[in-house]
Amino acid sequence: MKLLEGKNVIITGASRGIGTGIAQVFANHGANVAFTYSSSEAPALALEKELTAKGVKAKAYKSNAASFSESEALIANVLEDFGGIDVLINNAGITKDNLLMRMAEEDFDKVIEINLKSVFNMTKAVQRTMLKQRKGSIINMSSVVGVKGNAGQANYAASKAGMIGFTKSVALELGSRNIRCNAIAPGFIETEMTAKLDEKVVQGWREGIPLKRGGAPEDIANACLFFASDLSAYVTGQVLNVDGGMLT
């Protein structure tokens, strides 16, 4: 059973990691996928080809979600190419970790700009379309760090916590037009980035998780699938922790 047959989806930052996993799962469920990348053109084009081979429409767009003008242009281009937008997944994000006493102002500003301002940009840009069609699902990729904080990640935690407040506010504003807005808070997800870490460090993280393992991009993608599909038609303003019980 394909849960997203014929739906048009935008995913920001999908050329690697969690974003790629979401795009793959969504295409398997019949969604047409528009996705963005910032600099990794070769992986983005490879993903576009992979998704298209699944029998859906897919297109990669080079776009900076931290720019409001680029976000507006992206929405216009996707509408022209796909004819509509049913789901927006705000997934683009970066980290610039350091203890507060050593954190540069520009590193704080950059993380807020890319992780949080981008969510404002994309949501505001897509809002008019969803209001007009009186339906839509917006999914924001927060983090367990935005729920509980983490030493050395004050900038990242602030951006992800801000995303949760934004999500709840948008859910209240747009709910009367049948537009839902939810957030996902991933825990330790094993991607190509974590594969570069020392195995002893990674194993230490796994041992601190009740399920004794890290998550996979597909685990986050499946949570997104729930929020994007009609299975969650009566769910909005929620934060779903996908963390193997880390915050239990």
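Please refer to the structure placed before this passage.
Residues numbered from 1 in each chain as written. Predicted model: local features only at pLDDT ≥ 70, side-chain atom pairs only at ≥ 80, totals over all residues. Heavy atoms only, no water.

1. Description of helix α3 (residues 68-82)
Under the 1.5 Å per step criterion, the end-to-end length of α3 is 21 Å for 15 residues, consistent within 8% with the ideal 21 Å. Along α3, the positions that sit buried rather than exposed are Ser-71, Leu-74, Ile-75, Val-78 and Phe-82. Buried positions in α3, seen along its axis, are confined to an arc of 100° and lie on one side of it. In α3, those exposed residues whose orientation departs by more than 90 degrees from the buried face are Ser-69 and Glu-80. In this structure, the buried side of α3 is in contact with β1 (8-11), β2 (32-37), β3 (58-62) and α4 (105-133). Gly-83 sits one or two residues past α3 and shows a positive phi near 85°. (Helix = DSSP H or I, 4+ residues; strand = E, 2+ residues; numbered from the N terminus. Expected span 1.5 Å × (residues − 1). Buried < 20%, exposed > 50% of the residue type's maximum accessible area, 1.4 Å probe, protein only. Arc of directions from axis to C-beta. Contact = heavy atoms within 4.5 Å.)

2. A look at unusual backbone geometry
Even without being a glycine, Asn-178 presents a positive backbone phi close to 65°. Structurally, Asn-178 can be placed in the loop between α6 (154-174) and β6 (179-186). Note on Asn-178: relative accessible area 46%, which makes it partly exposed. With a phi close to 60°, Lys-212 is a non-glycine residue in the positive phi region. Tracing the backbone through its elements, the reader meets Lys-212 in the loop between α7 (199-207) and α8 (217-228). Judged by its relative accessible area of 46%, Lys-212 is partly exposed.

3. Considerations on the packing of aromatic side chains
For the structure shown, the criterion picks out three aromatic pairs. Ring geometry for Phe-188 versus Trp-205: centroids 4.8 Å apart, planes at 65°, classification edge-to-face. In this pair, Phe-188 sits in the loop between β6 and α7 while Trp-205 sits in helix α7, placing the two residues 17 residues apart along the sequence. A residue is classified by how much of its surface remains accessible, and Phe-188, at 12% relative accessible area, is buried. The partly exposed category is assigned to Trp-205, whose relative accessible area is 41%. Of note, Lys-57 hangs over the ring of Phe-82, and the distance from its end group to the ring centre comes to 5.0 Å. (Phe/Tyr/Trp six-rings, centres within 6.5 Å; stacked < 30°, edge-to-face > 60°. Lys NZ or Arg CZ within 6 Å of the ring centre and 35° of its normal.)

4. A word on the environment of Leu-131
Looking at where Leu-131 falls in the secondary structure, it is placed in helix α4. For Leu-131 and Ala-73, which are 58 residues apart along the polypeptide, the C-alpha to C-alpha distance reads 18 Å. With residues up to four places along the chain from it excluded, the contact list for Leu-131 reads Leu-174, Arg-177 and Ile-179.

5. Points about the packing of helix α1 (residues 17-28) against helix α2 (residues 41-52)
Direction vectors running N to C along α1 and α2 enclose 15°, while the axes themselves pass 10 Å from each other. By the angle class used here, α1 and α2 are roughly parallel. When the axes of α1 and α2 are compared, the crossing they make is right-handed. Counted together, Thr-20, Ala-23, Gln-24 and Ala-27 of α1 and Leu-47, Glu-50 and Leu-51 of α2 form the full contact between these two elements. Looking at the contact of α1 with α2 residue by residue, the classes come out as four nonpolar, two polar and one charged. (Axes fitted to C-alpha atoms, helices over the stretch in contact; angles between N-to-C directions. Parallel < 35°, antiparallel > 145°, perpendicular 65-115°, else oblique. Left-handed = near helix turned anticlockwise from the far one by under 90°. Nonpolar A, V, L, I, M, F, W, Y, C, P; charged D, E, K, R; others polar.)

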